[in-house]
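Notes for the structure review
Listed below, chain by chain, are the residues.
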Amino acid sequence: MNPLIIIVDVVLLLAGVLLGYLLHRYQAERDLQNQQQKADSILKGANEQARLIEAQARENAVKIVQASEQEIKERRIEVNRETERLEKRRTELDGRTERLEQREQALNKRQSNVDKRANEVEKMHQDETARLEEIARMTQDEAKKDLFASVEQEARGDMARIIRQIEAEAREEGEKRARKLIADAIQRVASEHVAEVTRAVVTLPNEEMKGRIVGRNGRNIKAFEQAAGVDVIVDDTPDSVTVSCFDSVRREIGRRALGRLIQDGRIHPAHIEKIVEDETKAVEKIINESGEQAAYDAGITGLHPEVLRMMGRLKFRTSYGQNQLAHAVEVSKLSGILAAELGADVMIAKQGGFLHDIGKAMDHNQEGTHAMLGAEFCKRYGVNPKVVNAIASHHHEVEQETVEAVIAESADAISGARPGARREDLEAYIKRIRSLEEMSMSFEGVQQAFAIQAGREVRIIVRPEAIDDLASTRLARDVAKKIEETMQYPGQIRVTVIRETRAVDYAK
């Protein structure tokens, strides 16, 4: 073999090895650079992400600080407002106290002048009385006694003749005259005594529920009062709270909503608003159904739906414990009966009796009496003008134009005055009964007096040797007149004077 070729091959082999080595090294360095670049890129991304997280954390921290500062600022404003309100209230109370003191001083000065003037008048009266006694040569008591004796003697005869004449005329007039007298008598005693119930008590399962109703810083109770438009009174009464509102419908909504919240257990502002809204719709439905049912019970048709809806609101209003919607139905039926007996228009009388108190469903929202408000409302919805007059005139605020108006007023008095229609406070009832008996016993010649039939009648037993028959009639009239002047009562009170003479002997 040629040595030159071998050398060339060896050289080429060495060159190939060297070239392979150089290529391998170049490739290794290039891979190393790529890995270095990738590592730098990852590091750079990590740093960028860290900076973003740090910036976001700082931004959140700033927002939290700002929200806290805003809340603190709002609470400070609220505290300042409360402080200003209390300070204003204190200033007003101080001013009121000062004005009351000034008024008291002025009244004391005026009372001193009045007392001084009264003493002067009393002295003048005594002087004049002494002068008259000197002129008449008779004392004041003697003059009174003689005058009363002569007047009483004349009055007894006149009274007996007048009573006999009236009785004879009443018998001659017959049934027609009697009906008119009864209607007039009922009309004269018609009166209204209203005791509004402005509170409803809600029973709680336990005392802890009061805290949940109030909520943190009063949040829940404020939300409930604002949503329902009522006042919630949380006091020391065990296991109960009170819902108070002059509007009977809002009070009923508040009572029902609070009862549902207590039963449900979820008491927070959002849920409170939802429950109040649901109960408002439920009560509105009850109002509509109650008005329609009442009209059906009274046998009345053709009324506008708004009139029926307003009548339905009376379901939640009472007077002396008498439900006003039931009272309206009862007055309507009584009016129909009286109208049929007297030959009047039955349907006009029934509608007048049914709608006479419709103004009570709106009198707390508008100015004016319930009679005039109800008449204006019914006139707006096309009610018969005769019915409108019966509504407006049932308390004599306008002139009664028809006999149906008088019948509606009379039926109203009958419904309110019948036994058991309205309830009284026990203490007031006992006081009225006692006053009746004491007033009757204060007359001369009375032996015993008893108030019966829940105070609607007083029976007086007199001594027969002290009071005769004519004096018994006069005594009944005097007692009735004194009751009218000094007492307040629904309906009428019957005064019965009993004079009994007994003759007793023994067979031996």
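Here is a short report on the structure shown in this document. Computed from a predicted structure; not experimentally measured.

**Overview of the pairing of strand β6 (residues 446–452)**
When β6 meets strand β7 (residues 457–462), the two strands line up antiparallel, connected through six bridges. Its bridge partner being in β7, F450 is matched across the sheet by R459. Joining the antiparallel neighbours β6 and β7 is a turn of four residues, in which Q453 adopts a positive phi near 55 degrees.

**Notes on the sheet that holds β7**
Overall, mixed pairing links the three strands, which are arranged β6-β7-β8 in an open sheet. Every other strand in the sheet has two partners, leaving β6 and β8 (494–498) as the edge strands with one partner each. The average angle at which neighbouring strand axes cross in this sheet is 15 degrees, direction not considered. Examined bridge by bridge, β7 and β8 share five bridges and lie parallel to one another. Opposite I460, over in β8, you have V497 as the bridge partner. Packing of helix α14 (residues 469–486) onto the sheet brings it into contact with β6, β7 and β8, and relative to β8 it is tilted by some 150 degrees.

**Section: the packing of helix α9 (residues 346–355) against helix α11 (residues 385–393)**
Axis separation between α9 and α11 bottoms out at 9 Å; the angle between their running directions is 40 degrees. The orientation of α9 relative to α11 falls into the category oblique. The chirality of how α9 crosses α11 is right-handed. On α11, the residues touching I348, Q351, G352 and L355 of α9 are K386, V387, A390 and I391.

**Topic: the nonpolar core**
One finds M311, F354, L355, I358 and C378 to be the most contacted residues of the largest nonpolar core, which totals 28 residues. Those elements that provide at least two residues to this core are α6 (269–298), α7 (305–312), α8 (324–342), α9, α10 (370–380) and α11. In this structure, L355 is in contact with L303, V307, M311, C378, V383, V387 and I391, ignoring residues within four places of it in sequence.

**Examining helix α5 (residues 248–264)**
Note that an α-helix has 3.6 residues per turn; residues three or four places apart therefore point the same way. In this model, α5 (17 residues) spans 24 Å end to end at C-alpha, consistent with the 24 Å of a helix rising 1.5 Å per residue. Residues S248, V249, R251, E252, I253, G254, A257, L258, L261 and I262 constitute the buried set of α5. Following α5 by one or two positions, G265 adopts a phi angle in the positive range, close to 95 degrees.

**A few points about the side chain of N220**
Relative to the helices and strands, N220 resides in helix α4 (residues 219–228). The class for N220 is buried, based on a relative accessible area of 4%. For N220, the side chain forms a polar contact with the main-chain oxygen of R212, separated by 2.9 Å. At 3.3 Å, the side chain of N220 and the backbone oxygen of I267 are in polar contact. N220 has contacts with R212, I213, V214, G215, I267, H268, P269 and I272, leaving out every residue within four places of it along the chain.

**Examining a nonpolar patch on the surface**
On the surface, L4, V8 and L12 cluster together into a nonpolar patch covering about 290 Å² of accessible area. Its location among the elements puts L4 in helix α1 (residues 3–136). With a relative accessible area of 55%, L4 lands in the exposed category.

**Points about the pattern of salt bridges**
Pairing of side chains with opposite charge becomes possible as their charged atoms draw close. With the rule as written, the count across this model stands at 19 salt bridges. E82 is the partner of R85 in a salt bridge, and the nearest nitrogen-oxygen pair spans 2.6 Å. In this pair, R85 and E82 are both assigned in helix α1, three residues apart and thus about one turn of the helix distant. In this structure, R266 and D264 form a salt bridge, with 2.7 Å as the shortest nitrogen-oxygen distance.

**Some points on the pairing of strand β3 (residues 240–244)**
In terms of burial, β3 is largely enclosed, as five of its five residues are buried. With burial as the criterion, each face of β3 is covered, one bearing S240, T242 and S244 and the other bearing V241 and V243. Across three bridges, the pairing between strand β2 (residues 231–233) and β3 is antiparallel. Opposite I233, over in β3, you have T242 as the bridge partner. Linking β2 to β3, which pair antiparallel, is a turn of six residues; within it D239 sits at a positive phi near 55 degrees.

**Comments concerning a negative patch on the surface**
Among the surface-exposed residues, D94, E98, E101 and E104 lie close enough to one another that they form a single negatively charged patch. One can find D94 in helix α1.

Reading the values: the criteria
Residues numbered from 1 in each chain as written. Predicted model: local features only at pLDDT ≥ 70, side-chain atom pairs only at ≥ 80, totals over all residues. Heavy atoms only, no water. Pairing = 2+ DSSP bridges. Helix = DSSP H or I, 4+ residues; strand = E, 2+ residues; numbered from the N terminus. Axes fitted to C-alpha atoms, helices over the stretch in contact; angles between N-to-C directions. Contact = heavy atoms within 4.5 Å. Parallel < 35°, antiparallel > 145°, perpendicular 65-115°, else oblique. Left-handed = near helix turned anticlockwise from the far one by under 90°. Core = buried A, V, L, I, M, F, W, Y, C linked by side-chain atoms within 4.5 Å. Buried < 20%, exposed > 50% of the residue type's maximum accessible area, 1.4 Å probe, protein only. Expected span 1.5 Å × (residues − 1). Polar contact = N/O pair within 3.5 Å; in protein donor to acceptor, adjacent residues only side chain to side chain. Patch = residues over 30% accessible without salt bridge, like charges linked within 9 Å, V, L, I, M, F, W, Y side chains within 5 Å. Areas by Shrake-Rupley, 256 points an atom, 1.4 Å probe, with all protein chains shown as cover. Salt bridge = Lys/Arg side-chain N within 4 Å of Asp/Glu carboxyl O. Lys, Arg positive; Asp, Glu negative; His and termini not counted. Charge placed at Lys NZ, Arg CZ, Asp CG, Glu CD.

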